[in-house]
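In case you want the letters, here they are:
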Amino acid sequence: MTGRRRLAIRVRRSPPVAQPSPRTGPSEPTAPSRSTSDSGQPVVLATVTPGLETVCAAEFMARVSSSTLRATGRGKVWFAVPAIDEAITSVRTADNLFLHVGEVEVRSTRRDLPDLANAVSSLPALAPILGNRPAVRGSGFVVNVSRRGQQTWSRFEAGAMIADAIATRFPDWPDLTGIVAGGHGAGGRGVRVAVELRVDVEDDRATVSWRLTPPWFRFRGHDRGFVRASLLPTVAHALVLISDPRPHDRFLDPFAGSGTIVTERASLPASSVIGLEIDRHVAVVAQANFAEGARLVGGDARAMPLDSGSIDVIVTNLPFGRQVLDDDAIPALYAAAAREFARVLTRDLHSRVIALTTRAPELVRAMADAGFASTEVTTLGLNGQRPSVVKFVRG
C-alpha cells in the first residue's frame, strides 16, 4: 500500500529492550506527559487484550504512517500520530482508541479526592472537547476510572467526584456518569453519551483520555453474530498477524466457530481462506459473518474433508476448558486434530500453525507426536483466563 510500511509481526520469547515481553507482560506504563508529543503531535492510547501489546504496536505503526511508539503498559499502548483521522481506525488489533488529554498527580487518601477532581477538570485540553454546547439535545458526558495502587478511595467515588467537578466547569454538559449503562453512545429516556473520559490511576499519577471510538468498534459493527467461546475480532486479527500472513497463503481455521478468525484473515490478501465447522447451527452464524473471499466447509477437524498438503497455514482457537466439551475429552481431540494438521499442511518449510488454548501442555505433546516443534509466543489475559498462543512448525 502506497505510503504505508509493511507489517511484520515477530513476537519472540526474549524481545528487544523497550518492547513489552510477551512472556512476562509489558513494563509498567510510562505514559506521555502531555496530550501532544515533544514534536507537537497528538498522542493516542490504544487499549488491547493483555499480552498483545507488541502485536498492536507493530500493526499501528505499519498502518498509520509517521506514527511512533511512545509507551506501553498492560493492555495499553501509546502512540504519537500526525493527525486524528481515519487512518487510526484502520488498526484491527486495538479494542478502543483514546486521545490522550493530560495527566495529573494523585494522592492516596479519600480527603485528597477533591484535589484530583479539580486537577482533572482544569486540564486545558478539556476545553476544546467540552467548551461548546452538546450538538444533540440530551447528550452528556461520562467519566470512567480505573486504579492501581494503595488508594483508600474506590474508582466509583473518584469517577463521581471528577464528573461533578467537570459538570461545574462546563455547565452546558449534563453529567451522565452512573446514570447511563452501556457506555459511549448508549442512551435511554432521551439521553446519549457524546463524550466518554477515561481516567487511569497508577499509584501517584492519573492519565486522562477521551474516547474516540464507539462501543461497537472492537466488534466490527452492530450486526456481527457470536456463539459461545467466540473470540473478539481484535484478538482474532492479532492471531492472524502472529501467523505472518502472506498473499499466497492457503489458510484454514479447523475450529471456525462463528468465523471470527476466518473473517479477519479474509481482510488481508490470501490465495484461499477456509473455515471448517462441525456444528451446523454454529455454521449458520459463521456463514452470515463470513466476508467475501472466505469459504465455509462442514466437517470434523479430526477427519477433515480436505486434500493432503492443501493448506499452508492454520490459525485456530482450540476448544479448551468446559466452554465447548468436557475436560477429559480434550487430550484425544488434540491428538486427532494434530494428526490431521500434519496431513493437510504442506511440507513446505513455511507451513505453520498458530493455536490459542489454556491446555498448552496437552497440545504441545499432541503436536510433537505429529512431528511439530513448538514455541510459546505469548500468554493473554482473556475473560479471566490465561490462554497461551503457541506457534508450531514441522520438526
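Residues numbered from 1 in each chain as written. Predicted model: local features only at pLDDT ≥ 70, side-chain atom pairs only at ≥ 80, totals over all residues. Heavy atoms only, no water.

A. Representation of the packing of helix α8 (residues 330-344) against helix α9 (residues 360-369) in the model. The geometry of α8 relative to α9 is characterised by a closest axis approach of 8 Å and an angle of 40° between their N-to-C directions. One element, α8, and the other, α9, form an angle in the oblique class. In the packing of α8 onto α9, the handedness of the crossing is right-handed. The residues of α9 that touch α8, namely those facing Pro331, Tyr334, Ala335, Ala338 and Phe341, are Glu362, Leu363, Ala366 and Met367. Residues that form the contact of α8 with α9 fall into these classes: 8 nonpolar, no polar and 1 charged. (Axes fitted to C-alpha atoms, helices over the stretch in contact; angles between N-to-C directions. Helix = DSSP H or I, 4+ residues; strand = E, 2+ residues; numbered from the N terminus. Parallel < 35°, antiparallel > 145°, perpendicular 65-115°, else oblique. Left-handed = near helix turned anticlockwise from the far one by under 90°. Contact = heavy atoms within 4.5 Å. Nonpolar A, V, L, I, M, F, W, Y, C, P; charged D, E, K, R; others polar.)

B. How the structure looks around the nonpolar core. Ranked by size, the top nonpolar core spans 44 residues in total, and within it Leu52, Phe60, Leu97, Leu239, Ile261 and Val389 carry the most contacts. If you list the elements that add at least two residues to this core, you get β1 (43-47), α1 (53-63), β3 (76-80), α5 (233-242), α6 (260-266), β12 (313-317) and β13 (352-357). Looking at which element gives the most residues to this core, the answer is α5, with 7 residues. Aside from chain neighbours lying at most four places away, what touches Leu97 is Val44, Leu45, Ala46, Phe60, Ile88, Thr89, Trp210, Arg211, Leu212, Thr213 and Phe217. (Core = buried A, V, L, I, M, F, W, Y, C linked by side-chain atoms within 4.5 Å. Buried < 20%, exposed > 50% of the residue type's maximum accessible area, 1.4 Å probe, protein only.)

C. Region of interest: helix α2 (residues 113-121). Every buried residue of α2 is listed here: Leu113, Leu116, Ala117, Val120 and Ser121. With its buried residues spanning 125° around the axis, α2 presents them on a single face. Of the surrounding elements, those touching the buried residues of α2 are β4 (96-105), α3 (126-130), α4 (155-169) and β8 (205-211). (Arc of directions from axis to C-beta.)

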